[in-house]
Every structure is written in C-alpha cells, then in structure tokens.
Amino acid sequence: MKNIAVLINGSSKYLDITHNLFEHWNKLYDDINFDFYLSTWEDNIDYSNFKWITKYERIKEEECPYNLKEHPQRRHQPHYSYTLYRVNQLKNSTGKDYDSIIQTRSDYLLSRELLDCLVNLTKGNKVIPNIIFSGHGSDVHNGNLWTGDYFFFGHPKAFDKFSEMFVDIFTKGLFTPDKILMHTMQAEYLNYRRIYNCGVFQDGCHFQGLLIREPMRFDPVGAHTDSGWPTKHPSPHQFKKILKDKGVDWLLSLNSYKEFIHIYETTEKE
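Undergrad: Could you clarify how one ought to interpret the overall build of the protein chain in this entry?
TA: When you go through the protein chain residue by residue, the secondary structure sums to 9 helices and 11 strands. Scaling as 2.2 N^0.38, a compact globule of 270 residues should have a C-alpha radius of gyration of about 18 Å, and the protein chain matches this with 18 Å. Once the C-alpha set of the protein chain is aligned to its principal axes, its extents read approximately 50 × 50 × 40 Å. The buried share of the protein chain, reckoned over its 270 residues, is 53%. For the protein chain, the proportion of contacts with a sequence separation of at least 24, taken over those separated by at least 6, is 70%. When the accessible surface of the protein chain is split by element, carbon and sulfur atoms take 47% of a total near 13000 Å². Between the mean site of the 32 positive side-chain charges and the mean site of the 35 negative ones, the protein chain shows a separation of 2 Å.

Spelled out as structure tokens, the structure:
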C-alpha cells in the first residue's frame, strides 16, 4: 500500500461541489491510500460533514505574520504561500510518512488521467526529493521562470523546502525575485531551492483538468477583469448538473473527458 497526502490550501472556493470528487478518490485504487489535509481561509462552508478529510484548519487573516491587509488587492502571493506553509505543517503534525504529496486547489477538477499518472509515478518509485511535478514544468516568460499552479506533486522532502517559500520571501526576505507574481513566484523559488520543476506531460499525461469558473468569466475578452476564459471550463451550474446527471464514477472515468468538455462548451453557463 502506498500513501499519498493531498494538500488543499488557500480559498475553499467550490469545495461544496468538488468534495464529491475528492471523497471518491479512495475508491479508485486498491493499493493507494489518500489522506487529505486542508488549510483554508475561514468562510461559510461547514467541513464537519466531510468525513474524507484527515485533518483541517480554518485560518483567520490576522494569524498571518505578514500584514495581508496592506498587500495590493488581487495579489495573492502571500495568501497562497502562507497557506501552503500551514498545510504542510498540518500534514507534518501527524508524524505519518508519505510516499508522495499532491498539492492542489478546491476549484480544480483534477482529471482521472492526471491522477493515474501521479499514482503510477508513486508506485514506480519515481518520486525523489529534488523534483516537483506540475502541469508543464517551468518555462521562461517575460524574462522570468513561470509555472502553472493548479497542482504540484512530489516527494515530502521537496515539499518541506517548497513550503518555506512564505518564510523566505515574506518573513526573512532571503529570496526576492524582481517580480513576485503568481506563477513566477513558485517557479523562481523552486529554482532557488534547486528543485527541478518537471512537467507531467513528459510522462504522457495530456488532459490534466479544468477549473470551475463563474459565468461572467466566459464573457468576451475585456468585458471585465478575468473575462475571456475558454468555454471548456465548467461553471458551477454546469458542474452540478453533470454531476447529478452522470455521477462521480463517470466524471472520474478515463473516457468521459471529451464528452463532458463538449457539454461544457455547448450548454448554458448561467
């Protein structure tokens, strides 16, 4: 039996929907156990009925040693890195050893293809301390390294280093890239810690997942902030409907993604 820790940090956005998928993960593999750890900002979602969660904490902004209220709006770098630090500490507090770690977000529909890929890397003993996997790894963008942040996957020792990002940047000031932006921050920090950020597409995983987006995000580009999202991503209404009509098993099957993307692209976002 291999043990994988799943870390969910930051906002708990749409966890009231995606919990249907997370709680199903432990039914997918006979030789894999997932333990779920959540460090998320306080909101109105009640976690008490989420029996699939191993351990969780709800965080108040004033707990953060960095003054979040004075940080520029829509710049979530300290929020992200602080909750990453907290959730890794929460996992470590149990004293349990894990073969690998998946870190992701509550509004991301991580595909069965990707989950199989991460499970196979774990079972194949390909998870080593100096590598962290993400969607496409690190690329150069506008003179800085850049990476997708929908998920990261790797060895617990790599995450012990990665999770120090908040401490090194916002507390100690040891690492100060020219532009501390989301996507850039993670890629540059992994490079700083000499951890190779490898893309899972190199292991043949091409459909990795989708984000649940508010209907207004699908408006034409420039209609408002964050508009112009591709319609392959679901709105909350679409995801709830497909979950009701098709069920969790279908959503987490390998052969369903082309059909549910077609549904997302051709039905009302509402």
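Undergrad: Explain helix α3 (residues 112–123) to me, please; I cannot follow it from the model alone.
TA: For an α-helix, 3.6 residues make a turn, and residues three or four places apart therefore share a direction. For α3, with 12 residues, the first-to-last C-alpha span of 16 Å sits near the 16 Å given by 1.5 Å per residue. Across the 12 residues of α3, 9 count as buried, placing the element largely inside the fold. If you check which residues of α3 are buried, you get R112, L114, L115, D116, C117, L118, V119, L121 and T122. Each element contacted by the buried residues of α3 is listed here: β1 (2–10), β2 (32–41), β4 (100–104), β5 (108–110), β6 (131–134) and β9 (151–154). Backbone geometry just after α3 places N125 at a positive phi near 55°.

Undergrad: What am I meant to see in the side chain of S256 here?
TA: For S256, the location among the structural elements is in the loop between α8 (248–251) and α9 (257–266). Looking at S256, its side chain comes within polar contact range of the main-chain oxygen of S253, at 3.2 Å. For S256, the residues in contact, after removing those within four places along its chain, are W250 and L251.

Undergrad: Is there a simple way to explain the pairing of strand β8 (residues 144–147) in this structure?
TA: For strand β7 (residues 138–141) and β8, the ladder comprises 4 bridges, and the chain directions are antiparallel. Bridged to V140 within β8 is L145.

Undergrad: Is there a simple way to explain unusual backbone geometry in this structure?
TA: One can expect most non-glycine residues to show negative phi and most peptide bonds to be in trans. Positive phi values are uncommon outside glycine, yet Y14 reaches one of about 65°. Topologically, Y14 is positioned in the loop between β1 and α1 (15–22). Take Y14: its relative accessible area is 15%, and that puts it in the buried class. Unlike most non-glycine residues, N142 shows phi in positive territory, near 50°. Positionally, N142 belongs in the loop between β7 and β8.

Rules and cut-offs
Residues numbered from 1 in each chain as written. Predicted model: local features only at pLDDT ≥ 70, side-chain atom pairs only at ≥ 80, totals over all residues. Heavy atoms only, no water. Helix = DSSP H or I, 4+ residues; strand = E, 2+ residues; numbered from the N terminus. Rg over C-alpha atoms; globule rule 2.2 N^0.38 Å. Buried < 20%, exposed > 50% of the residue type's maximum accessible area, 1.4 Å probe, protein only. Contact = heavy atoms within 4.5 Å. Areas by Shrake-Rupley, 256 points an atom, 1.4 Å probe, with all protein chains shown as cover. Lys, Arg positive; Asp, Glu negative; His and termini not counted. Charge placed at Lys NZ, Arg CZ, Asp CG, Glu CD. Expected span 1.5 Å × (residues − 1). Polar contact = N/O pair within 3.5 Å; in protein donor to acceptor, adjacent residues only side chain to side chain. Pairing = 2+ DSSP bridges.

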